[in-house]
Amino acid sequence: MSSITVTAPSVRPSAAATRLRLTTRGRRVLLALAALPLAIGLAFAALSGGSAYAGGEEVSTSFETVTVVPGDTLWSIAEDIAPDADPREVIQALQQLNLLDGGMLMIGEELAIPAAYAG
């Protein structure tokens, strides 16, 4: 009778199989590098976002107004308040200042006139 013996080959650890180990200081450095963009963003927001007026004095502004009468349109109002200007630009300014959505006007409504066209 014959016998067969099998021997396991010896396993050598290769250089690529080494595991990366981080020290405590390495983990802290990696965490700081990952948090750096967030810290920069927060600092930028804090420095540039503080421009709101927070004084104790009351600020008031007054506008000249025009009251809408029957037959008025934004175009006719724009031509009345700024005859030398392009009516399309005046209409856009009126819509932005008065928060108008579209060209719908109500009779008796008071529209604030932009300062550039008040006279």
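Up top is the structure.
So, here's what we can say about the structure. Only a predicted model underlies this, so the values are computations on that prediction, with no experimental measurement involved. (Residues numbered from 1 in each chain as written. Predicted model: local features only at pLDDT ≥ 70, side-chain atom pairs only at ≥ 80, totals over all residues. Heavy atoms only, no water.)

1. Description of helix H1 (residues 24-48)
Test applied: Secondary structure elements are taken from DSSP: a helix is a run of H or I of four residues or more, a strand is a run of E of two residues or more, and numbering for both begins at the N terminus. Any helix carries an expected span of 1.5 Å times its number of residues minus one. Across the chain, bend at a residue is computed as the angle between axes fitted to the seven residues ending at that point and the seven starting from it. Relative accessibility decides the category of a residue: with a 1.4 Å probe and only protein chains considered, values under 20% of the type maximum give buried, values over 50% give exposed, and everything between is partly exposed.
Its 25 residues give H1 an end-to-end C-alpha distance of 36 Å, which sits within 8% of 36 Å, the value for a rise of 1.5 Å per residue. Ala35 marks where H1 bends most, by close to 40°; the proline Pro37 follows one to four residues later. The buried fraction of H1 amounts to 0 of the 25 residues, a small share that puts the element mostly on the outside.

2. Examining the side chain of Asn98
Cut-off, in case you're wondering: N or O atoms within 3.5 Å of each other form a polar contact, as long as, within protein, one can give a hydrogen and the other can take it, and as long as residues adjacent in sequence are counted only when both atoms are side-chain atoms. Whether two residues touch is decided by their heavy atoms; if any such pair falls within 4.5 Å, the residues are in contact.
Of note, Asn98 is situated in helix H3 (residues 87-98). Polar side-chain contacts of Asn98 include one of 2.8 Å to the backbone nitrogen of Ala112. What Asn98 contacts, discounting residues up to four positions off in sequence, is Glu110, Leu111 and Ala112.

3. Describing a nonpolar patch on the surface
The condition is simple: Two joining distances apply to patches: 9 Å for like charges and 5 Å for nonpolar side chains (Val, Leu, Ile, Met, Phe, Trp, Tyr), and every residue must have over 30% relative accessible area and no salt bridge. Areas reported as accessible are Shrake-Rupley estimates using a 1.4 Å probe. Residue values count occlusion only from the protein chains shown. Whenever Lys or Arg places a side-chain nitrogen within 4 Å of a carboxyl oxygen from Asp or Glu, that contact is recorded as a salt bridge.
Judged by side-chain polarity, Val29, Leu33, Leu36 and Ile40 come together as a nonpolar surface patch covering roughly 390 Å² of accessible area. Checked against the element boundaries, Leu33 lands in helix H1. Residue Leu33 is classed as exposed on the basis of its relative accessible area, which comes to 56%.

4. Side note on the nonpolar core
Put simply, the rule reads: Residues belong to one nonpolar core when they are buried, are Ala, Val, Leu, Ile, Met, Phe, Trp, Tyr or Cys, and are joined through side-chain atoms within 4.5 Å.
Leu74, Ile77, Ile81, Val90, Leu94, Leu105 and Leu111 are the most contacted members of the largest nonpolar core, which has 13 residues in total. Those elements giving two or more residues to this core turn out to be helix H2 (74-81) and H3. For this core, the element with the highest residue contribution is H2, accounting for 4 residues. Here Leu111 is in contact with Glu64, Thr65, Val66, Val68, Leu74, Ile77, Asn98, Leu100 and Leu105, once residues within four sequence places are set aside.

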